[in-house]
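Letter by letter, the chains look like this.
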Amino acid sequence: MSQYTRSPAPEKLVWDLSTRARMREKDTFYWLEAGPDVSRGVITAAYDAETNTITVEAEDVDGDFAILFHPALVDVSRPVTIRTGEIVRTVRVNPSEEFLKASILENGDPALACVGRIMYSEIVSQGR
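Keep in mind that this is a model prediction, so the values were computed, not measured.

## Thoughts on the sheet that holds strand S3 (residues 32-33)
Then, number 1: Strand order in this open sheet of four strands is S2-S3-S6-S9, and the pairing throughout is antiparallel. Across the chains shown, the open sheet's two edge strands, defined by having one partner strand only, are strand S2 (28-29) and strand S9 (117-119).
Then, number 2: As paired strands, strand S6 (residues 66-68) and S9 are joined by three bridges and run antiparallel to one another. Directly across from Ala-66, in S9, lies its bridge partner Met-119.

See the structure below:
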């Protein structure tokens, strides 16, 4: 096991929401977040450091979810491009100390803490 290390901010995630434990206390999966009412579908998300781009594909997801901005993954000092299907949106992240503190409290692990978020529905609605 010592040959493997956990990355608190992996560059690619695949989250099958139907496999979450019902009594799970956290709504996050690394740098994605979905409330317990979102219980079906698969979210595939990837980050490209060179272009500071997050690509998200949501397949049959039965509710809204958030993309979290992890400072070890996303360069929040420059605009972040978010792609989903044909929609491309560029956002400026305003890191929040308050969000960071809440993120640490929720996860119990400073390595998993994020500095902000954007809802998927916001990307999709403004991208059309």
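Structure's up, so let's keep going.
## So, the pairing of strand S8 (residues 87-91)
Then, number 1: Alternating residues of S8 divide into Ile-87, Arg-89 and Val-91, all buried, and Val-88 and Thr-90, none buried.
Then, number 2: In this sheet, S8 lies alongside strand S7 (residues 80-84) in antiparallel orientation, the contact comprising five bridges. When the sheet's bridge partners are listed, Arg-83 is paired in S8 with Val-88.
Then, number 3: Two successive antiparallel strands, S7 and S8, enclose a turn made up of two residues, where Gly-85 displays a positive phi of approximately 60°.

## Concerning the pairing of strand S4 (residues 42-48)
Then, number 1: A one-sided burial pattern is seen for S4, the buried positions being Ile-43, Ala-45 and Tyr-47 and the unburied ones Val-42, Thr-44, Ala-46 and Asp-48.
Then, number 2: Relative to S4, strand S1 (residues 12-16) runs antiparallel, the two being bridged by five bridges. Paired with Lys-12 across the two strands is Ala-46, which belongs to S4.
Then, number 3: Across seven bridges, S4 lies against strand S5 (residues 53-59) in antiparallel orientation. Looking at the pairing, Ala-46 lines up with Thr-55 of S5.
Then, number 4: Two successive antiparallel strands, S4 and S5, enclose a turn made up of four residues, where Asn-52 displays a positive phi of approximately 55°.

## A short note on the packing of aromatic side chains
Given two aromatic rings, one states the distance between the centres and the angle between the planes to describe the pair.
Then, number 1: Enumeration according to the criterion identifies three aromatic pairs in this entry.
Then, number 2: Aromatic side chains Phe-29 and Tyr-30 sit 5.2 Å apart centroid to centroid with 80° between the ring planes, which places their arrangement in the edge-to-face category.
Then, number 3: Under the relative-accessibility criterion, Phe-29 is labelled partly exposed at 25%.
Then, number 4: On the basis of relative accessible area, Tyr-30 is assigned to the partly exposed category, the value being 30%.
Then, number 5: Between Phe-65 and Tyr-120, the aromatic rings sit 4.5 Å apart at their centres with planes inclined by 20°, giving stacked as the arrangement. Taken together, the residues Phe-65 in the loop between S5 and S6 and Tyr-120 in helix H2 (residues 120-126) connect sequence positions 55 residues apart.
Then, number 6: Assessed through its relative accessible area of 1%, Phe-65 is described here as buried.
Then, number 7: Grouped by ring-pair contacts, the aromatic residues Trp-15, Phe-29 and Tyr-30 constitute a single cluster.

Calculation rules
Residues numbered from 1 in each chain as written. Predicted model: local features only at pLDDT ≥ 70, side-chain atom pairs only at ≥ 80, totals over all residues. Heavy atoms only, no water. Pairing = 2+ DSSP bridges. Helix = DSSP H or I, 4+ residues; strand = E, 2+ residues; numbered from the N terminus. Buried < 20%, exposed > 50% of the residue type's maximum accessible area, 1.4 Å probe, protein only. Phe/Tyr/Trp six-rings, centres within 6.5 Å; stacked < 30°, edge-to-face > 60°.

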